[in-house]
Amino acid sequence: MTYTYTPTVAGHNDTWTAGAWNGRAYQVVLKGNAFPRFHISPTSFDFGDVRVGTTATNQLVTITNVSPNAVLMNGSGGGAGAFGGSQDCQGLILAAGASCHMYYAFTPTVSGVKTAAAHGTWNGQSYTFGFRGTGIAGLRSQP
């Protein structure tokens, strides 16, 4: 018998299986410890005060392949409304130790505090980002 271990989440995993072989019962305990394939940082952003109708400077997220093998990057999700994003990872073959990037900016359309979260995955590894920014009214000319 051959068993393979394909974790879907990081951390320690235990399970077991049982059956009978030629009338003799058996039980196999299976243990594994999964490590994240990618280091994704940072995961929270505060854009501060940004004038309504303008766009703040992009904030950079670095995704580093911490596995020993090259990975063909395949991601989903990541949208965050007023905190628009882009990336240079999708379809990239990311060598072990190499990095690619996601970029987020804040473009407020009204005054006030705005918060949002983005969720997604890179090759099955989940991430969550938190965003905060404050839209401020533009300067008015003096008569």
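Peer 1: Pulling in residues and values, what's your account of the overall build of the protein?
Peer 2: Looking only at helices and strands, the protein has zero helices and twelve strands in total. Counted from the first residue to the last, the protein has its helices and strands arranged as β-β-β-β-β-β-β-β-β-β-β-β. Taken against the 2.2 N^0.38 rule, which gives 15 Å for 143 residues, the C-alpha radius of gyration of the protein at 22 Å runs more than 25% over that of a compact globule. Projected onto its principal axes, the C-alpha coordinates of the protein cover approximately 95 × 30 × 20 Å. By residue count, 25% of the 143 residues in the protein fall in the buried class. Look at the contacts in the protein between residues 6 or more apart in sequence, and 62% of them connect residues 24 or more apart. Put simply, the protein shows about 9,200 Å² of open surface, and 53% of that area lies on carbon and sulfur atoms. Taking the average place of the 7 positive charges on the side chains of the protein and the average place of its 4 negative ones, the gap between the two points comes to 6 Å.

Peer 1: Would you mind going over the side chain of Ser67 in detail, with residue names and values included?
Peer 2: One can find Ser67 in the loop between β5 (59-65) and β6 (71-72). For Ser67, a relative accessible area of 17% corresponds to the buried category. Here the side chain of Ser67 touches Asn69 through a polar contact of 3.1 Å, landing on its backbone oxygen.

Peer 1: Can you break down unusual backbone geometry residue by residue, with the values?
Peer 2: For the peptide bond that leads from Ser41 to Pro42, omega is -5 degrees, which places it in the cis range. Take Pro42: it is sitting in the loop between β3 (38-41) and β4 (44-51). For Asn22, which is not glycine, the phi torsion reads 50 degrees and is therefore positive. Locating Asn22 in the fold gives a position in the loop between β1 (11-21) and β2 (24-34). In this model, Asn123 sits at a positive phi of 50 degrees, which is unusual for a non-glycine residue.

Calculation rules
In this numbering scheme, every chain counts its residues from 1 along its sequence in written order. Given that the model is predicted, a residue must reach a pLDDT of at least 70 before its local features are reported, and side-chain atom pairs must reach 80 or more before they are shown or counted; all residues, however, enter totals for whole chains, interfaces and linings. Side-chain measures were taken over the full set of non-hydrogen atoms in the model, leaving aside hydrogen atoms and water. Here a strand is any run of E in DSSP of at least two residues, a helix any run of H or I of at least four, and the numbering for each starts at the N terminus. In this setup the radius of gyration rests on C-alpha atoms only. A globule is expected at 2.2 Å times the number of residues raised to 0.38. Summary of the burial criterion: residues with accessible area below 20% of their type's maximum are buried, those above 50% are exposed, and those between are partly exposed, where the area comes from a 1.4 Å probe applied to protein chains only. Every residue pair with non-hydrogen atoms within 4.5 Å of one another is taken to be in contact. Under the convention used here, a 1.4 Å probe and the Shrake-Rupley method define accessible areas, while residue burial counts only the protein chains that appear. Note that His is not counted, nor are the chain ends; the positive residues are Lys and Arg, and the negative ones are Asp and Glu. Where a charge sits is defined by one atom per residue type, namely NZ (Lys), CZ (Arg), CG (Asp) or CD (Glu). In protein, a polar contact requires one atom able to donate a hydrogen and another able to accept it; more generally it is a pair of N or O atoms within 3.5 Å, and residues adjacent in sequence count only if both atoms are side-chain atoms.

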